[in-house]
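Residues per chain are reported as follows:
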Amino acid sequence: SGFGLVLAEHAGPRAAARRLAMIAGVAMAITAVTRWIFPQDYIFFGILHCIAVTNLIALPFLRAPVVEVLAAAGLAGIAPLLFSSLRFDGAWWWWLGLSQASPRTLDYRPVLPWLAPVLLGIGAARIGPGLPDWSPRTVLPRALGWAGRHSLLLYLTHQPALLGLLLLAGLVRPPPAIDTAADFSRQCRAECISVGAGAEGCNAACECVRVKLGPVLGSSTDDKAEPLSAPMQQRLRDASAACLRTEPLDPGRDTGLGEIR
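## With respect to a nonpolar patch on the surface
- Nonpolar side chains collect at one region of the surface, where Val33, Trp36, Ile37, Phe38 and Leu106 lie side by side and expose about 570 Å² of accessible area between them.
- Relative to the elements of secondary structure, Ile37 occurs in helix H2 (residues 13-37).
- Relative accessible area serves as the criterion here: at 46%, Ile37 is assigned to the partly exposed category.

So this is what it looks like as structure tokens:
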């Protein structure tokens, strides 16, 4: 991003402004779309928001001494370790990256410490031998050049493309069904034995609970299990207690089955 900012600046102020406006516009569109589809986890400051803001902050460093650029990059990189505080935990400060709480969002890239690699990119472009007039002639360099000129398009399409491929793979070879009843039995036996109860008694008690709670647990062939509402939780406790009374467990040991949630 920082290197790209130097390239855009060499192309002229109009090209740099167009690049920044495009990134910011797409970032706002992503916020609007995710706010509509995922209202609880929408992206309010993701990678594109971060690129737009850090590129604005980095504009003065395009002509600053390289030593100052690299020093600012180092400070930006360690700033969250030095200045993180509860006072920045409010939603209005999450974009900065100094809060101690993490917001609930699908993509989160705050300005700090991510301003650091942007400044390092500017420093790398400034330290280098100059920007060559590169005119690729063969297929691979031309493909790489096209990808570099259309990196935003590739970024926006790579996730739908990957998710589409995963969907096709799932249709060709569906994942195995989850047997919740079997999972319950395994966890129940493991927890029962871990508190010192005998394996035979644990197996019998857990099987008893599993049979009594078939509608709650569901199975690989019945995915319409009842939700674990308050009445279902009480039913689970009652079934555990009944099974513990009828199975030959050591009365001096607590299997913990009565506390199953």
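What follows continues from the structure just given.
## Details of the state of the cysteines
- Tallied over the full model, the rule gives 2 disulfides.
- Here Cys188 is linked by a disulfide to Cys206, with a sulfur-sulfur distance of 2.0 Å. The sign of the -80° torsion about the S-S bond sets the Cys188-Cys206 disulfide as left-handed. Linking Cys188 in helix H8 (residues 180-194) with Cys206 in helix H9 (residues 199-212), this pair joins segments that are 18 residues apart in sequence.

## What about the layout of surface pockets?
- Empty space within the second largest pocket amounts to approximately 410 Å³.
- Surrounding the second largest pocket, 17 residues form its lining, Ile30, Thr34, Ile43, Tyr155 and Gln159 being those nearest its centre.
- Mapped onto the lining of the second largest pocket, the elements with two or more residues apiece are H2, helix H3 (47-58) and helix H7 (151-172).
- The dominant element in the lining of the second largest pocket, judged by the number of residues it contributes, is H7, at 6 residues.

## Observations concerning unusual backbone geometry
- With an omega dihedral of 10°, the bond running from Leu112 to Pro113 counts as a cis peptide bond.
- Position of Pro113 relative to the elements: it lies in helix H5 (residues 111-127).

## Here we look at the side chain of Thr54
- Among the secondary structure elements, Thr54 is positioned in helix H3.
- The buried category is assigned to Thr54, whose relative accessible area is 0%.
- Within polar-contact distance, the side chain of Thr54 engages the backbone oxygen of Ile51 at 3.3 Å.
- With sequence-adjacent residues up to four places away left out, Thr54 is seen in contact with Val111, Trp114, Leu115 and Val118.

## Topic: the packing of aromatic side chains
- Following the criterion strictly, the structure yields 4 aromatic pairs and no others.
- Measuring from centroid to centroid gives 5.5 Å for Phe88 and Trp93, while their planes differ by 80°, and the two rings are edge-to-face.
- Here the aromatic cluster, defined as three or more aromatic residues joined through ring pairs, consists of Tyr42, Phe44, Trp94 and Tyr108.
- The side chain of Arg35 reaches across the aromatic face of Tyr42, ending 4.5 Å from its centre.

## Topic: the side chain of Asp107
- Its location among the elements puts Asp107 in the loop between helix H4 (66-83) and H5.
- A distance of 3.0 Å separates a polar atom in the side chain of Asp107 from the backbone nitrogen of Ile47.
- Those residues within four positions of Asp107 in sequence are excluded, and the remaining contacts are Ile43, Phe45, Gly46, Ile47 and Tyr155.

## Structural notes on the nonpolar core
- The biggest cluster of nonpolar side chains holds 22 residues, and the ones touching the most others in it are Ala58, Leu112, Leu115, Leu119 and Ile122.
- Looking at this core, the elements with two or more residues in it are helix H1 (2-10), H3, H4 and H5.
- With 8 residues, the single largest contributor to this core is H5.
- Apart from residues lying up to four places away in sequence, Ala58 is in contact with Leu5, Val118, Leu119 and Ile122.
- Counting 9 residues, the second largest nonpolar core, distinct from the first, contains Cys206, Cys208, Leu236 and Cys243.

## Re the pattern of salt bridges
- Here the structure, examined in full by the defined rule, presents 3 salt bridges.
- Across the pair Arg63 and Glu9 runs a salt bridge whose closest N-O atoms are separated by 2.5 Å. With a gap of 54 residues between them, Arg63 in the loop between H3 and H4 and Glu9 in helix H1 connect regions that are remote in the sequence.
- For Glu9, a relative accessible area of 23% puts it in the partly exposed group.
- A salt bridge links Arg109 to Asp107; the shortest N-O distance between them is 3.7 Å.
- Owing to a relative accessible area of 33%, Arg109 belongs among the partly exposed residues under this scheme.
- What makes Asp107 buried here is its relative accessible area of 15%.

## Notes on the confidence of the model for the protein
- For the protein, mean pLDDT is 82; residues scoring 70 or higher make up 84% of the total.
- In this model residues 220-225 is a low-confidence stretch, pLDDT under 50, and it forms 7 contacts with partners more than four residues away in sequence or in other chains.
- Below a pLDDT of 50 lies the segment residues 247-261, which in the model reaches 31 contacts outside its immediate sequence neighbourhood of four places, other chains included.

Thresholds applied
- Residues numbered from 1 in each chain as written.
- Predicted model: local features only at pLDDT ≥ 70, side-chain atom pairs only at ≥ 80, totals over all residues.
- Heavy atoms only, no water.
- Patch = residues over 30% accessible without salt bridge, like charges linked within 9 Å, V, L, I, M, F, W, Y side chains within 5 Å.
- Areas by Shrake-Rupley, 256 points an atom, 1.4 Å probe, with all protein chains shown as cover.
- Salt bridge = Lys/Arg side-chain N within 4 Å of Asp/Glu carboxyl O.
- Helix = DSSP H or I, 4+ residues; strand = E, 2+ residues; numbered from the N terminus.
- Buried < 20%, exposed > 50% of the residue type's maximum accessible area, 1.4 Å probe, protein only.
- Disulfide = S-S within 2.5 Å.
- 1 Å grid on protein atoms, 1.4 Å probe; cavity = no way out; pocket = protein on both sides within 12 Å on 5 of 7 lines; lining within 4 Å.
- Points joined across faces, edges and corners; volume = space filled by probe spheres on them.
- Polar contact = N/O pair within 3.5 Å; in protein donor to acceptor, adjacent residues only side chain to side chain.
- Contact = heavy atoms within 4.5 Å.
- Phe/Tyr/Trp six-rings, centres within 6.5 Å; stacked < 30°, edge-to-face > 60°.
- Lys NZ or Arg CZ within 6 Å of the ring centre and 35° of its normal.
- Core = buried A, V, L, I, M, F, W, Y, C linked by side-chain atoms within 4.5 Å.
- pLDDT = per-residue confidence, 0-100.

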